[in-house]
Structures are given as structure tokens and as C-alpha cells.
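Residue-level structural notes
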Amino acid sequence: MWTLRSPIAGRVIAVHRDSAGPVGAGQALMELGDTTRLEAIVDLLSGDAARVPPGAAVTLQAGSGLPALPGRVTRVEPVAFTKVSALGIEEQRVNVHVEPAAPWPGQLPLGEGYRVEARIVTLAQADALLVPNAALVRTPTGWQVFVVDGDGRARARALTLGPRGTEQAVATDGLRAGERVVLYPGNGVREGQRLRER
């Protein structure tokens with residue numbers, strides 16, 4: 001009988017042979033891992049991954065009610081792969097490796113293959129004036145929003161936009177901080193129309 005000693009202090013993650021028998025040289029018997037030194041691998045659309053710089057700040061959320069974990073991007077893989085979305089659409093995805101900024105809390109129930117959500121900072125800008133994407137209206141010459149004036153009427157205002165995210169955009173000109181805008185105006189809102197707040 002031989003005694004096999006683990007090269008690391010960790011936990012058994014997977015067992016490939018669970019009964020006695022002959023094994024060949026180099027055959028895997030089990031997988032070991034240190035679950036206090038996990039990394040997150042986030043697959044992003046290739047267009048989004050191209051905007052992620054190494055070292056970017058990341059916030060990881062492991063589940064509802066669990067604390068958010070800070071991290072940073074250590075690697076953006078140079079090769080994309082095809083993944084079929086829930087709607088049956090083929091998408092080009094890229095794996096982004098995220099390392100936690102501090103050791104995982106011991107009480108956090110995370111392990112190999114667990115699902116996490118990641119928010120990656122691709123751009124940070126001080127004193128940026130943000131406008132919801134839901135308020136933006138495309139025009140032949142650019143973008144506009146409907147601002148609510150003092151009389152409760154809609155006033156069309158042309159905007160110059162900077163960088164855009166999935167939920168908000170940076171307004172570089174045409175809007176002042178504190179002004180109220182109409183969300184989801186659609187085709188039913190016109191210049192000077194009286195508005196009712198819902």
C-alpha cells in the first residue's frame with residue numbers, strides 16, 4: 001500500500017477513481033483545490049470584452065443577501081468562443097479572469113463552478129452628468145431628451161453624448177444637473193405637451 005500526499009493544503013474537488021484497481025502512470029485520481037484562493041471567470045460578449053483593460057476594478061456578487069466582493073481583472077483571453085444564448089442566438093464570447101482584491105471570506109459559501117455576477121468598470125470619469133438611456137430619443141441630427149419645465153410641460157432638448165453604458169450615458173452638453181427628464185417618451189410626447197407624473 002502506498003501513501004499519496006497532497007502537494008497543497010486544500011479540499012477534494014473531484015474524485016476520478018473511487019474504487020481499488022490498477023492505474024496507469026499519470027492517470028488522474030482526484031482533483032484538489034484551495035477554495036480560499038478562487039478566481040472568477042466571466043464570459044463577456046467580444047465587443048464588451050474589447051473595452052475591458054487589465055487591472056480594471058470589478059465588483060462580484062455571489063447571490064442575493066451575500067456581500068459584494070471587490071476584485072480586479074487579471075487577464076482578458078485573446079481567443080473568443082461561440083456560445084448559444086437562451087434565445088438561440090450564436091454569440092462570440094471571451095473569458096475574463098477576475099482575482100478578488102482580498103481573500104474570500106471563510107463564511108462565504110462559494111466553490112468551484114459557482115455562478116457570480118460581475119460589474120466591471122471600463123471607464124471612470126469624475127463629475128460626469130449622467131442621463132438614463134431610457135430618456136434618450138434618436139433624431140436625424142443626433143440625440144435629444146424631453147425636459148420637464150416649471151409648468152410641467154415637455155421641452156425637447158438636443159444633447160451631446162459622451163461614453164454610453166448599458167443603463168446610462170454621459171451628457172457633455174445640453175443638460176444641467178438636477179433637471180428632470182421624461183423616461184420612455186416614445187412617439188406620444190410632443191414639444192410643449194403637458195405631462196402628468198406617474
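For the structure itself, consult the block above.
Remember, predicted model here, so these are calculated numbers, not experimental data. Residue positions are given per chain, counting from 1 as you read along its sequence in written order. Whole-chain, interface and lining totals are the exception, using all residues; otherwise, since this is a predicted model, local features are given only for residues with pLDDT of at least 70 and side-chain atom pairs are given and counted only at 80 or more. Water and hydrogen atoms play no part in the side-chain values, which are based on all heavy atoms of the structure.

1. Regarding the nonpolar core
Nine residue types can take part in a nonpolar core, namely buried Ala, Val, Leu, Ile, Met, Phe, Trp, Tyr and Cys, and a core is a set of them joined through side-chain atoms within 4.5 Å. A 1.4 Å probe rolled over the protein chains alone gives each residue an accessible area, and that area as a share of the maximum for its type sets the label: buried under 20%, exposed over 50%, partly exposed in between. Counting 17 residues, the largest nonpolar core has Leu 44, Val 52, Val 58, Leu 60, Val 73, Val 98 and Ile 120 as the members making the most contacts within it. Of all the elements in the fold, those that place two or more residues in this core are strand E3 (40–45), strand E4 (57–61), strand E5 (69–76) and strand E7 (90–100). Residue contacts are defined here by distance: any two heavy atoms, one from each residue, within 4.5 Å place the two residues in contact. Not counting residues up to four positions away in its chain, the partners in contact with Ile 120 are Leu 44, Val 52, Ala 56, Ala 57, Val 58 and Val 73. Only DSSP runs of H or I reaching four residues or more are called helices, and only runs of E reaching two or more are called strands; each is numbered from the N terminus.

2. Looking at the packing of aromatic side chains
What counts as a ring pair is set by centres within 6.5 Å for rings of Phe, Tyr and Trp (its six-membered ring), and what kind of pair is set by the plane angle: stacked under 30 degrees, edge-to-face over 60, tilted for all other angles. In this structure the tally under the stated criterion is 0 aromatic pairs. Each ring is checked for a lysine NZ or an arginine CZ that lies within 6 Å of its centre and within 35 degrees of its normal; such an atom marks a charge sitting over the ring. Between the NZ or CZ atom of Arg 164 and the centre of the ring of Trp 143, over which it lies, the distance is 4.8 Å.

3. Topic: unusual backbone geometry
Of note in the backbone geometry, Asp 127 takes a positive phi value of approximately 55° without being a glycine. As for its position among the elements, Asp 127 is in the loop between strand E8 (117–120) and strand E9 (130–132). Unusually for a residue other than glycine, Tyr 184 sits at a positive phi of about 50°. Here Tyr 184 is to be found in the segment after strand E13 (168–173).

4. Remarks on the sheet that holds E9
In this description, strands pair whenever DSSP reports at least two bridges between them. Reading across the sheet, the 5 strands line up as E9-E13-E12-E11-E10 and stay open at both edges, with antiparallel pairing between neighbours. Looking at which strands have only one partner, the edges of the open sheet turn out to be E9 and strand E10 (137–139). When the angles between neighbouring strand axes are averaged without regard to direction, this sheet yields 55°. Pairing geometry for strand E12 (residues 154–164) and E13, over 3 bridges, is antiparallel. Bridging across to E13, Leu 161 finds its partner in Ala 171. Angular values range over 0 to 180 degrees, each being the angle between N-to-C directions of two axes fitted as lines to C-alpha atoms, with helices fitted over their stretch in contact.

5. A word on the pairing of strand E11 (residues 142–148)
Counted residue by residue, E11 has 6 buried out of 7 residues, so it is predominantly covered. In terms of strand pairing, E10 meets E11 through 3 bridges, oriented antiparallel. Paired with Arg 138 across the bridge in E11 is Trp 143. Hairpin remark: E10 followed by E11, antiparallel, with 2 residues in the connecting loop. Pairing between E11 and E12: 6 bridges, direction antiparallel. Its bridge partner being in E12, Val 145 is matched across the sheet by Arg 157. Between E11 and E12, which pair antiparallel in sequence order, lie 5 residues; one of them, Gly 152, sits at a positive phi of approximately 80°.

6. A short note on the side chain of Asn 133
Its location among the elements puts Asn 133 in the loop between E9 and E10. When near neighbours in sequence (up to four residues on either side) are disregarded, Asn 133 contacts Arg 164, Gly 165, Thr 166, Glu 167, Gln 168 and Ala 169.

7. Details of the pairing of strand E6 (residues 81–84)
Regular strands show a simple pattern: their side chains alternate between the two faces of the sheet. Bridge analysis of E6 against E7 gives 4 bridges, and the strand direction is antiparallel. Among the inter-strand pairings, Lys 83 is bridged to a residue of E7, identified as Glu 91. Joining the antiparallel neighbours E6 and E7 is a turn of 5 residues, in which Gly 88 adopts a positive phi near 85°.

8. Considering the environment of Leu 130
For Leu 130, the location among the structural elements is in strand E9. With relative accessibility at 44%, the residue Leu 130 sits in the partly exposed group. As a C-alpha pair, Leu 130 and Ala 28 span 102 residues in sequence and 54 Å in three-dimensional space. Contacts of Leu 130, omitting those with residues within four sequence positions, involve Gln 168, Ala 169 and Val 170.

9. Focus: the pattern of salt bridges
Here, a salt bridge means any side-chain nitrogen of Lys or Arg that lies within 4 Å of a carboxyl oxygen of Asp or Glu. Under the criterion given, the structure shown has 10 salt bridges. Linking Arg 155 and Asp 149 is a salt bridge whose minimum nitrogen-to-oxygen distance equals 2.9 Å. Of the residues examined, Arg 155 reaches a relative accessible area of 31% and is grouped as partly exposed. With a closest N to O distance of 3.1 Å, Arg 176 and Glu 179 form a salt bridge. Take Arg 176: its relative accessible area is 56%, and that puts it in the exposed class. When salt bridges that share partners are traced, they join Asp 149, Arg 155 and Glu 191 into one network.

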